[in-house]
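Chain and residue survey
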Amino acid sequence: MSPLPEPPALDVAVIGAGLSGLACAVKLHEAGCRVEVFEAADGIGGRVRTDRVEGFLLDRGFQVYLDAYPEAGALLDLEALDLRPFTPGALIWKAGKLRSLRDVFRNPSALFSSALAPVGNLRDKCLVAKLRFSLLRKPLDHIWAAPETSTLDYLRAFGFSEQFIDDFFRSFYGGIFLEDQLMTSSRLFEFTFKMFSAGSATLPQNGMQAIPEQLAARLPEAAIHLNSPVTSVTGDHLTLAERSEAEGGNDDRIENEAGTRHRATAIVLATDASTTARLLGYDRQPKWNHTSCLYFAADETPLAEPIIALRGDRDGLIHNLCVPSQVAPGYAPEGQSLISISVINDHATDATLTETVERELINWFGEAAKTWTHLRTEHLPQALPVAPPGHAIGNRREKGLWICGDHTRSGSIEGAIQSGVETAAEILGEIDGGDKIASDT
Ligand SMILES: Cc1cc2nc3c(=O)[nH]c(=O)nc-3n(C[C@H](O)[C@H](O)[C@H](O)COP(=O)(O)OP(=O)(O)OC[C@H]3O[C@@H](n4cnc5c(N)ncnc54)[C@H](O)[C@@H]3O)c2cc1C
């Protein structure tokens, strides 16, 4: 392909239309910058995408929006997302039964059943209350500056029994961190515990992808270029991948842009940790926590209420289970239920994974589970960046590029949005300061 003439320089080019890239682009656009977003995939949202399959909404991996997230809440129109809350607390599968462990502060009537549930002892339950009060009072900037250790050591130092750590924290936080060794930083633990205590875990009525879609709707349509993987980038230029006729032949925009270079006064790398390392030319391979999510269709929900069920004992594959359509009815066609099962630490093949999970479901819910139809399994090998103590690096500039994404803050919707918003503010600060937006190298 002969080189095309270079278009005039954009103010800012953002690489990646995940939540961090979209948040950054929205802030810059609304401040009057000319921004364009280049996204490798065929849709926006990055790790927050939803597919419609036979009338069901299947998020690409089970995730929830915590409505106490401060930065995300400030940027998003939460009312328009029509967020539906889970019942606080959890059901814990232990010794052949689902036991109830409620958030007794928001549901005092559950005090009795929770106190008696054979999950931890009374002292553990009092310590949960103590932790809750201390973290609700602790400002977020203190949490992010606190001395760091692993979540496991933090919980032991707080005085929780090994049994409660195993039965509850490994299950609940294993599902959040996607690792049940609890090696994730204690800062992330404090942050998520505070968010769960201050608000609710929710699902948007139209699926998780409604979150990035709401942000994308605040940008001019032509500002987002899908199917546009960036192959190389410098402080002021990016190059898009060459595409074959078969890949991009039906899309004029793609055909015109493939292989071209774009100039921009500032370039934001809002890609995942691995792509960011590759585009920066580093050999290092960031580590990831992974998960698989299996979806089943059922005629009716197996749970009495919209709550998360966790596996409390350690033998079995199901890590957690919920019924998204019981939380937000938009997730399933009328008269049907969508069941979501998350598995971590699994390396089974697709067939054995489904068979094993189906066997466990019959154990949990009896013969009724035999009638459920398997809809899809999502494997997410790169779900969350591994985040041991000392992992946080912050948004930064490297090789003349602005770097943001959840890996610079916390592996969460809040972390991604916060990093994008902060990066936009830093870029605008340079513009407002009258400085040229320029490379630091
Ligand atoms: C299974 C799962 C469960 C989760 N659970 C929760 C939860 O319950 N609550 C919560 O708050 N968070 C949760 N998260 C985390 C949250 O979804 C992420 O932290 C957040 O979406 C990351 O956004 P990002 O913009 O930083 O990165 P990404 O979403 O990874 O966005 C990066 C974008 O860059 C694009 N890209 C990559 N390479 C290129 C290239 N060469 N050129 C152009 N574009 C490129 C990608 O296609 C992608 O769109 C979960 C994540 C997963 C996967």
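Since the structure is predicted, the reported quantities are computational estimates derived from the model, not experimental observations.

Each value, and the rule that gives it
Residues numbered from 1 in each chain as written. Predicted model: local features only at pLDDT ≥ 70, side-chain atom pairs only at ≥ 80, totals over all residues. Near = placed C-beta within 6 Å. Helix = DSSP H or I, 4+ residues; strand = E, 2+ residues; numbered from the N terminus. Nonpolar A, V, L, I, M, F, W, Y, C, P; charged D, E, K, R; others polar. Domains from an automatic or database assignment. Pairing = 2+ DSSP bridges. Right-handed = clockwise from strand over helix to strand, strands pointing away. Buried ≥ 20, exposed ≤ 12 C-beta atoms within 10 Å, placed from the backbone. Arc of directions from axis to C-beta. Contact = placed C-beta atoms within 7 Å.

**Description of the site of the ligand**
- Neighbouring residues of the ligand: 35 residues in total, closest G16, G18, G46, G61 and Q63.
- If you list the elements that add at least two residues to the shell around the ligand, you get α1 (19–30), β18 (373–385) and α16 (413–432).
- Ranked by residues supplied to the shell around the ligand, first place goes to α16 with 4 residues.
- By residue class, the composition of the shell around the ligand is 16 nonpolar, 14 polar and 5 charged.
- Residues from two domains meet in the shell around the ligand; each of domain 1 (10–48 + 209–285 + 395–432) and domain 2 (53–205 + 288–385) gives at least three.

**Quick look at the pairing of strand β1 (residues 10–15)**
- Two elements, β1 and strand β13 (residues 261–269), share 5 bridges in a ladder whose sense is parallel. Bridge pairing links V12 to A266 in β13.
- As paired elements, β1 and strand β2 (residues 35–38) share 4 bridges and run parallel to each other. Directly across from A13, in β2, lies its bridge partner E36.
- Traced from β1 through α1 to β2, the parallel crossover comes out right-handed.

**A word on helix α7 (residues 151–158)**
- Those residues of α7 lying buried are T151, L152, Y154 and L155. Down the axis of α7, the sector holding all buried residues measures 165°, keeping them to one side.
- In the stretch just after α7, G159 is the one whose phi turns positive, near 110°.

**Section: the environment of G21**
- Structurally, G21 is set in helix α1.
- When the C-alpha atoms of G21 and G420 are compared, they prove to be 6.0 Å apart, with 399 residues separating the residues in sequence.
- Among all residues touching G21, those that are not within four sequence positions of it are V14, G16, V37, V268, A270 and G420.

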